[in-house]
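Working through the structure, step by step
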Amino acid sequence: MFLNQVRNIQPYMRLALASPPKRWYEKTVLQTSKPQENDLNIQQKARPTSLRMDDKDPVIREIYSAARVMPMMLTNKEPIVLPFDDVPGPRVLKYISSFRQYLSEMGTQLTVGALTVALNIGTYLNTKKPLKNLSTLFDEYGPVVRFVSPVGGDIVLINHPEHIQKVYTMEGDCPVRSTLDSLEKYRSEHRNVIHGGLYTARRNMMLHLHLLYNRLLEIDGFGHGEEWNRQRAVVLGPLHSSVTHHLMGINDVCEHFTQKIYNLRTYQDDLATDLYKELHKWAFDCMGLVLFSKKFTMLDTELVYSQCDMSWLYHSLDKATDAIVKCESGLHLWKLFPTPAWTSLVKYCDSLDNLIGKHVLEAEQSMSFTSKEVSDKNSLINAMLMSEEKMSPEDISTIIMDMLLIGVNTITSSMSFLLYYLAKYQRAQKLLYKEINNVTTNLSVNDMAKIAEITPYLQACIKETLRLVPPIPVLTRILPRNITLDRYNIPRGTLIIMSTQDASIKEGNYEDASVFYPERWLKDDAMEYHPFASIPFGFGARKCLGQNIAETMLSLMTIRILQRYKLEYLYGDVQSTRSFISKPNKPLKVRFIDRV
Ligand code: HEM
């Protein structure tokens, strides 16, 4: 769907960028100005300075009626900008089978449509070669890799912090990311929802880009990501108030989790079930407080398939996540016909939508019986209903669904890996325990509100975990302007995939990059790390909205667990899956040993 849109805008872009046909000598463009500026600027700047002074002179104007490139001498200092066609990477039509190998990870972004699916299907079924991951592409082609799609909408992959910074700093007020095609299709075609949630919002932006390339809209004109801006502004304040308001509740859920571990432990002090699954319930209960102001008590509910709404919400979230992961990986056959994963996605997203919608309608009804002053303003749903922006219950449900899907899964992933690393790296655990011991068992709300200030080593452990395993391993942007990356000119409208996980585990960016070493963030020279080498929450106008919630939940839970248990890890290494939200690639086991 997304690349269909990009495909649609390609011809307009080409028109907009119309330039005379290329000559052999134009292959390498000599440039004296900033590389990302467009051709016209380059040509104007190429005029001799003495003549530019006299631009008002009619004779000079006549002589230089059109901008022209003046012959220049090439010196070592002048940056060379290479054309887009020169960007290395596997050419799909030429090397179609190698393209197929990367599909498992690039599913979302490589919406290459029916043609590619048709071209790939034979190789997909006939070869048993293992699927490659993104890092191998960088090893093979360098830090800027181009995927040439047979049907338009090329993709550029990057992993160098400087290039990531360049993309982020030119993104403007209203950045556009490529999101989850399956969820987007579900919303636009199955539910006929006009606006996506916050994470998935892009339809308005795509429309804007489309119009932009048709030169119907100026870059800052009306309609520029208006809906996404409106939603973000409405949610931001109430979301943070809701976290502060529910700090005590979140702490109680964490306390409850430690008790549950006690009850679930085997004689070997580990859990008979997958620790990830238990943490998933903990994250769900905490997010229930923040998003719905409700105690979900999923940690107490053993019967997942029980008839109550809360169990169904949990079950639907779990199944919807699975279905989205399946749809986004591998071939997007669900675009052609309803696959089992697609049918499951529709079923469970419908269920999620209905259950969340029910909460929103209940809140709306109870507000109609009470005055605005009496209504609980700390409830996120109430705050959205009462906002001057007049959000519809349907929009509110969609926003909550996005936050539930992203929030619960990212927090579960980070908490799982944090416990894994602490159990594996005993020295770090000892240092952390020393710090935590100074934090009183009965934390007041004030202590919790400034938890980051009083636990610097814990914050370093969280940062280090997110560096090693960012829950969202690749971030995307669609370029609003031309840009030069590693000397290659990348045209606007190109989809950029930033492999932030690759950047954060590169030896060139961090010494002993694969080692869990929280101290690196506390050293004086920590500032020397490139600021874009590890950006687990993204950056800029579309940065994660839940960073504060995530850090608070991870901090409180780690304190509660370590105060009660010593962690040990005696099993094989765990890696992260690189699906749209990472998780451990096998059931997680950790030993919880009572502290005496
Ligand atoms: C450890 C936990 C989390 C991580 C690592 C994380 C990471 C991210 C990342 C990388 C992005 C994309 C940023 C970009 O494109 O530049 C994002 C966006 C977002 N996250 Fe989180 N997230 C986490 C938890 C949460 C939670 C708990 C919530 C729920 C409140 C949440 C809500 C969102 C939303 C709504 C967006 C979209 C923002 C927008 O497009 O305006 N996240 N997150």
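Higher on the page you've got the structure.
Keep in mind it's a predicted model, so treat the numbers as computed, not measured. (Residues numbered from 1 in each chain as written. Predicted model: local features only at pLDDT ≥ 70, side-chain atom pairs only at ≥ 80, totals over all residues. Heavy atoms only, no water.)

**Considerations on the nonpolar core**
In terms of nonpolar packing, the biggest core is built from 131 residues, with Leu275, Trp282, Leu291, Leu404, Ile490 and Leu567 touching the most fellow members. Ranked by residues supplied to this core, first place goes to helix 18 (residues 393-424) with 17 residues. Shared between two domains, this core holds at least three residues of each, these being domain 1 (2-227) and domain 2 (233-469 + 538-594). The contact partners of isoleucine 490, leaving out residues within four places of it in the chain, are Phe84, Val87, Val144, Val156, Leu479, Arg481, Asn482, Ile483, Leu485 and Ile496. Formed by 12 residues, the second largest nonpolar core is a distinct cluster that contains Leu134, Phe138, Ile155 and Ile478. (Core = buried A, V, L, I, M, F, W, Y, C linked by side-chain atoms within 4.5 Å. Buried < 20%, exposed > 50% of the residue type's maximum accessible area, 1.4 Å probe, protein only. Helix = DSSP H or I, 4+ residues; strand = E, 2+ residues; numbered from the N terminus. Domains from an automatic or database assignment. Contact = heavy atoms within 4.5 Å.)

**Structural notes on the sheet that holds strand 3 (residues 144-147)**
Two strands in a sheet stick together by hydrogen bonds in their backbones, pointing the same way (parallel) or opposite ways (antiparallel). Sheet architecture is open: 4 strands sit in the order 3-4-8-5, paired in mixed fashion. Here the strands that pair on one side only, and so sit at the sheet edges, are strand 3 and strand 5 (475-478). The average angle at which neighbouring strand axes cross in this sheet is 25 degrees, direction not considered. Bridge count for strand 3 against strand 4 (residues 155-158) is 4 bridges, and the pairing is antiparallel. Residue pairing in the sheet places valine 145 in a bridge with leucine 157 of strand 4. Strands in contact with helix 8 (residues 134-141) are strand 3 and strand 4; relative to strand 3, the strand with the most contacts, it is inclined by about 110 degrees. Sheet strands touched by helix 9 (residues 161-169): strand 3, strand 4, strand 5 and strand 8 (495-498). Its angle to strand 8, the strand with the most contacts, is close to 135 degrees. (Pairing = 2+ DSSP bridges. Axes fitted to C-alpha atoms, helices over the stretch in contact; angles between N-to-C directions.)

**Some words on the site of the ligand**
Within the structure, the ligand sits among 29 residues, and Tyr168, Trp228, Arg232, Arg477 and Cys544 are positioned closest to it. Within the side chain of arginine 232, a nitrogen or oxygen atom sits 2.7 Å from an oxygen atom of the ligand. Phenylalanine 539 is positioned with one of its backbone polar atoms (N or O) 3.4 Å from an oxygen atom of the ligand. At the level of secondary structure, the elements contributing two or more residues to the shell around the ligand comprise helix 12 (226-245), helix 18, strand 5 and helix 24 (547-564). Among the elements that take part in the shell around the ligand, helix 18 stands out by supplying 6 residues, more than any other. Counted by class, the shell around the ligand contains 19 nonpolar, 5 polar and 5 charged residues. The residue makeup of the shell around the ligand includes at least three contributed by each of domain 1 (2-227) and domain 2 (233-469 + 538-594). (Near = heavy atom within 4 Å. Polar contact = N/O pair within 3.5 Å; in protein donor to acceptor, adjacent residues only side chain to side chain. Nonpolar A, V, L, I, M, F, W, Y, C, P; charged D, E, K, R; others polar.)

**Thoughts on helix 19 (residues 426-437)**
Along its 12 residues, helix 19 runs 16 Å from first to last C-alpha, staying within 8% of the 16 Å computed at 1.5 Å per residue. Ala428, Gln429, Leu432, Glu435 and Ile436 are the residues of helix 19 that are buried. Angular distribution of buried residues about the axis of helix 19 spans 125 degrees; they occupy a single face of the element. Relative to its buried face, helix 19 has exposed residues pointing more than 90 degrees away, namely Arg427, Lys430 and Lys434. Buried positions along helix 19 lie against helix 18, helix 21 (451-454), helix 22 (456-468), helix 24 and strand 9 (565-568). (Expected span 1.5 Å × (residues − 1). Arc of directions from axis to C-beta.)

**Here we look at the packing of aromatic side chains**
Across all of its chains, the model carries 19 aromatic pairs by this definition. Between the aromatic rings of tyrosine 168 and phenylalanine 532, the centroid separation amounts to 6.1 Å while the plane-to-plane angle is 35 degrees, which identifies the pairing as tilted. In this pair, tyrosine 168 is assigned in helix 9 and phenylalanine 532 in the loop between helix 23 (500-504) and helix 24, connecting sequence segments 364 residues apart. Assigned by exposure class, tyrosine 168 and phenylalanine 532 land together as buried. Between tyrosine 565 and phenylalanine 592, the aromatic rings sit 5.6 Å apart at their centres with planes inclined by 75 degrees, giving edge-to-face as the arrangement. Of this pair, tyrosine 565 sits in strand 9 while phenylalanine 592 sits in strand 10 (residues 591-594), placing them 27 residues apart in sequence. The same class applies to tyrosine 565 as to phenylalanine 592, namely buried. (Phe/Tyr/Trp six-rings, centres within 6.5 Å; stacked < 30°, edge-to-face > 60°.)

**Points about the packing of helix 10 (residues 181-190) against helix 15 (residues 309-328)**
Between helix 10 and helix 15, the least distance of the axes is 8 Å, while the angle of their chain directions is 110 degrees. Judged by the inter-axis angle, helix 10 sits roughly perpendicular to helix 15. The residues of helix 15 that touch helix 10, namely those facing Asp181, Ser182 and Leu183, are Ile324, Cys327 and Glu328. (Parallel < 35°, antiparallel > 145°, perpendicular 65-115°, else oblique.)

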